[in-house]
Amino acid sequence: MKCIQCSTENNLKDREANSGRCKSCEHPFAFEPTEIEPIPFTDLFFEKILSTLSVDRTLFFTKEQFFYFLERRLRGKIVDSWMAWISWIISGMGWAISGIAIAFSCILSLHLEVGYERAIIVFCLLSGVPAIIFSLWRRTKSPVISFKWRKFSARLLIFFGICLVSIAIFFLFNSSSFIDFWQLVLSIICGILSIYLGIIQEKQAKKMIQTLIIKPDRAEEWLTHWIEVNGSLEKLLPPPETEQTLAEISDEVSNYSFDRALICDSDEIAQFLIANNFHFEHNCAVLSVTGYPQNIFPTVMQMLRRNPDLKVFSLHNATPQGVILPHTLRSQSEWFADTTVTVYDLGITPKQILKQPEISVFRSVNLVEEAKNLSSEIKAQLSSEEIEWLEAGNYVELASFSPAKLLRIITRGIANASIGDRELSESGDSGNWSDDEDTSYIYTSDSFG
């Protein structure tokens, strides 16, 4: 394991002899890979996680974003381990077949009066091919790996089956003996089975729910220990603070208004956007539905209400509480009820997730009852498929997207809304769901990112 301070390689014996410190610079190691479960990792791996997450320490991030990012990278190590495992199995199988097949081929050649070469082929068909098909099939059903890898394994099954069938059919017409014919028929059966399983599992991969391989508490323990060993992390955001004392804002600033407002369903995401200067770069006020940041919330709301051309964007998790946010902004007087403000629902919505199966979906039984208790008014705005998705306890959180990707998605969503406005203006279509001119408009994006 390489030391992050001096890049000296330290094997297990070195680390044990120096009480968990580098043999060269004496810097302590935060983690001992042999003691970490379920997926061992090193200090260098952890440091790269923090660096990549913060884009070389240029972006702030929350603990929840760190958890999802670490979980995703550890899941990737499972993929690497699996690929190494299957390679070892196939390689080992080749050596095993070479030796064992000699004995089997003797028996087969005596009873069936065939040569050693053909007997070896029979043995391969009876052992190696089914083993590969079974391994790939199990891979497509794993809830631990991502949708991308499940889909890849399913397509590999299809490709493997097509190869088997194609080769078998090619040689079938050139076969002159019964044993050759039997081998080729067996190959075709295996190939068709592989293709069938691949097609079925490729469809099922879209519906599979992701399983977390670590818990948030465990990730926080690792992060706390890392800070104890290597010092504080400048870009790690603390929990949002509730500041009741109103900040003093000059008249010159308070007389200014924003062109846009981005309302989040969580204080953490609002804090994340403000910390990364999203409000400055996009002339966009950033608030949470609970009133964060409390010390400037009333002033910012006054500034927003002065702009008759204000555009409001809602940003929320794909959860029962999240999908309520756009309705809250349109219907409650403390927000934008009885105004002509346009509300854009950037997401995340169940509709967006259903159209993008590559996004990892998780499930919590705690959300089932919450989804079933949604008001009829909210359910009327959702399709039956979206309601079913929520009532199954499924969810996707904004924090599951890396800081850089989340900022990019939000920026693109706001830009697309502006393009949509211009197109509607040119076509003369207001896009309003209601004939009432005093009703606020709401638009929903079909995709998230």
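See the structure printed just above.
The text that follows walks through the structure, step by step, so that each part is easy to find. Only a predicted model underlies this, so the values are computations on that prediction, with no experimental measurement involved.

Concerning a nonpolar patch on the surface
Logical step 1: Where nonpolar side chains cluster on the molecular surface, the patch consists of Phe152, Leu156 and Phe159 and spans about 290 Å² of accessible area.
Logical step 2: Mapping Phe152 onto the fold places it in helix H5 (residues 147–172).

Considering the nonpolar core
Logical step 1: Core analysis: the largest hydrophobic core is formed by 39 residues, its most contacted members being Leu262, Leu273, Phe278, Leu315, Ile353, Val396 and Ile410.
Logical step 2: Elements with a minimum of two residues in this core: strand E1 (260–264), helix H9 (267–275), strand E2 (284–288), strand E3 (311–315), strand E4 (342–347), helix H16 (384–391) and helix H17 (403–427).
Logical step 3: Looking at which element gives the most residues to this core, the answer is H17, with six residues.
Logical step 4: If we skip the residues at most four places from it in the chain, Ile353 touches Ala318, Ile348, Ile359, Val361, Trp389 and Val396.
Logical step 5: One finds Leu50, Tyr68, Leu70 and Leu236 within the second-largest nonpolar core, a separate group that totals 29 residues.

Some thoughts on the side chain of Ser364
Logical step 1: For Ser364, the location among the structural elements is in the loop between strand E5 (362–363) and helix H14 (366–372).
Logical step 2: A relative accessible area of 18% places Ser364 in the buried class.
Logical step 3: Residues within four places of Ser364 in sequence aside, it is in contact with Gly393 and Tyr395.

Considering the pattern of salt bridges
Logical step 1: Counting across every chain of the model gives seven salt bridges.
Logical step 2: One salt bridge in this structure joins Glu220 and Lys63, with 3.1 Å as the shortest N-O distance. You can see Glu220 sitting in helix H7 (residues 216–230) and its partner Lys63 sitting in helix H3 (residues 63–112), a full 157 residues away along the chain.
Logical step 3: For Lys63, a relative accessible area of 36% puts it in the partly exposed group.
Logical step 4: Notably, a salt bridge pairs Glu391 with Lys379, separated by 3.3 Å at the nearest N-O pair. A residue pair is termed long-range when its members are at least 10 positions apart, and Glu391 in helix H16 and Lys379 in helix H15 (residues 376–379) qualify at twelve residues.
Logical step 5: In this structure Lys379 comes out as partly exposed when scored by relative accessible area, which is 22%.

A few points about unusual backbone geometry
Logical step 1: Residues Tyr292 and Pro293 are joined by a peptide bond in cis, for which omega reads -5°.
Logical step 2: You can see Pro293 is positioned in the loop between E2 and helix H11 (297–305).
Logical step 3: Of note, the phi angle at Arg57 is positive, near 65°, even though the residue is not glycine.
Logical step 4: Counting through the fold element by element, Arg57 comes out in the loop between helix H2 (43–53) and H3.
Logical step 5: Non-glycine residue Asn277 carries a positive phi angle of around 60°.
Logical step 6: Along the polypeptide, Asn277 turns up in the loop between H9 and helix H10 (278–281).

Cut-offs and rules
The residue count restarts for each chain, going from 1 along the sequence in the order it is written. For this predicted model, a pLDDT threshold of at least 70 governs which residues receive local features, and a threshold of 80 or more governs which side-chain atom pairs are given and counted, while totals over whole chains, interfaces and linings are taken from all residues. For side-chain calculations, the full set of non-hydrogen atoms in the structure is used, while hydrogens and water are omitted. Exposure above 30% relative accessible area and no salt bridge define the residues that can form patches, which grow by joining like charges within 9 Å and nonpolar side chains of Val, Leu, Ile, Met, Phe, Trp and Tyr within 5 Å. Where accessible areas are quoted, they stem from the Shrake-Rupley method and a 1.4 Å probe; at the residue level, only the protein chains shown are allowed to cover. Think of a salt bridge as a Lys or Arg side-chain nitrogen and an Asp or Glu carboxyl oxygen that are within 4 Å of each other. Under the scheme used here, helices are H or I runs from DSSP no shorter than 4 residues and strands are E runs no shorter than 2 residues, and both carry numbers assigned from the N terminus. Nine residue types can take part in a nonpolar core, namely buried Ala, Val, Leu, Ile, Met, Phe, Trp, Tyr and Cys, and a core is a set of them joined through side-chain atoms within 4.5 Å. Throughout, exposure labels follow a simple rule: accessible area from a 1.4 Å probe, protein chains only, divided by the maximum for the residue type, with under 20% read as buried, over 50% as exposed, and the rest as partly exposed. Should any heavy atoms of two residues lie within 4.5 Å, those residues are considered in contact.

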